[in-house]
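# Examining the three-dimensional arrangement
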Amino acid sequence: MKILINLLVTVVACSFVANAIVQAGTHDRGSQTSTDPDWSELIASMDKMHMAMGAIDRSGNSDVDFVRLMLPHHQAALDMAKTQLLYGKDPQMRRLAQEIITDQQSEIELMQRWLKQQQPNQAKENQTAAANTGKDN
């Protein structure tokens, strides 16, 4: 019985310690976010990306799904690179950020054009499916 009580006390103590560590980690991130605008902007970019990606419904076309998910991913890269240009000091990282902006913007435009080209194909597929459904009756 004494061993069981000691084990229970140890588990409860570990639980309190783990909770304190989690709370401290959360508090540190929150205070860092409010005091460091560069960190805050980077986190906001990632949060915006996750929200946008999470809002995308599966289309059933893996190519379309890939592109629709990559668009917010690339936009987040653009936003983060712009933050780097605002706050970053290292010339190599600033150069990389500028290259990311140039490359990702070009890729975003390519993906947007590609998606627009897919819309007529999608409409044709929907019309064909509707026509085939009508023939079964």
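Below, the structure is looked at part by part.

So, how was this worked out
- Residues numbered from 1 in each chain as written.
- Predicted model: local features only at pLDDT ≥ 70, side-chain atom pairs only at ≥ 80, totals over all residues.
- Heavy atoms only, no water.
- Helix = DSSP H or I, 4+ residues; strand = E, 2+ residues; numbered from the N terminus.
- Buried < 20%, exposed > 50% of the residue type's maximum accessible area, 1.4 Å probe, protein only.
- Contact = heavy atoms within 4.5 Å.
- Areas by Shrake-Rupley, 256 points an atom, 1.4 Å probe, with all protein chains shown as cover.
- Axes fitted to C-alpha atoms, helices over the stretch in contact; angles between N-to-C directions.
- Parallel < 35°, antiparallel > 145°, perpendicular 65-115°, else oblique.
- Nonpolar A, V, L, I, M, F, W, Y, C, P; charged D, E, K, R; others polar.
- Core = buried A, V, L, I, M, F, W, Y, C linked by side-chain atoms within 4.5 Å.
- Expected span 1.5 Å × (residues − 1).
- Arc of directions from axis to C-beta.
- Polar contact = N/O pair within 3.5 Å; in protein donor to acceptor, adjacent residues only side chain to side chain.

Let us look at the overall build of the protein chain. Across its full length, the protein chain holds 4 helices and 0 strands. Ordered by position from the N terminus, the helices and strands of the protein chain form the series α-α-α-α. Looking at the protein chain as a whole, 17% of its 137 residues are labelled buried. Summarising the internal contacts of the protein chain: among those between residues at least 6 apart in sequence, 54% fall at separations of at least 24. Here the protein chain has roughly 10,400 Å² of accessible surface; of this, 60% comes from carbon and sulfur atoms.

With that out of the way, let us pick up the packing of helix α2 (residues 37–54) against helix α3 (residues 62–87). Running from amino to carboxyl end, α2 crosses α3 at an angle of 175°, the nearest separation of the two axes being 9 Å. Taken together, the axes of α2 and α3 are roughly antiparallel relative to one another. Where α2 approaches α3, its residues P37, D38, E41, L42, S45, M46, K48, M49, A52 and M53 are matched on the opposing element by L69, P72, H73, A76, D79, M80, T83, L86 and Y87. Grouping the constituent residues of the contact of α2 with α3 by class yields 12 nonpolar, 3 polar and 4 charged.

Nonpolar side chains tend to gather and get buried jointly when the protein is soluble and globular. With 10 residues, the main nonpolar core is built from V64, V67, L71, L78, A81, A97, I101, I108, M111 and L115. At the level of secondary structure, the elements contributing two or more residues to this core comprise α3 and α4 (91–135). In this structure, I108 is in contact with L71, H74, Q75 and L78, ignoring residues within four places of it in sequence.

So, on to α2. For α2, spanning 18 residues, the distance from its first C-alpha to its last is 25 Å, which sits close to the expected 26 Å at 1.5 Å a residue. Every buried residue belonging to α2 is among I43, S45 and M49, and all of these are buried. For α2, the angular spread of buried residues about the axis comes to 150°, placing them on one side. Of the residues in α2, the exposed ones pointing more than 90 degrees away from the buried face are K48, M51 and G54.

This next bit is on the side chain of Q104. Within the fold, Q104 resides in helix α4. In this structure the side chain of Q104 is engaged in a polar contact, spanning 3.3 Å, whose partner is the side chain of H74. Excluding its chain neighbours within four sequence positions, the residues that come into contact with Q104 are H74, A77 and L78.

On to α3, then. If you check α3, its first and last C-alpha atoms are 38 Å apart, about what 26 residues at 1.5 Å a residue would give, namely 38 Å. Along α3, the positions that sit buried rather than exposed are V64, D65, V67, L71, P72, H74, A76, A77, L78, D79, A81 and T83. Regarding α3, its N-cap is N61, as a side-chain oxygen of that residue lies 2.9 Å from the backbone nitrogen of D63 further along.

Moving on, we get to the environment of N61. Within the element layout of this structure, N61 appears in the loop between α2 and α3. Assessed through its relative accessible area of 25%, N61 is described here as partly exposed. Polar contacts involving the side chain of N61 include one to the main-chain amide nitrogen of D63, which spans 2.9 Å.

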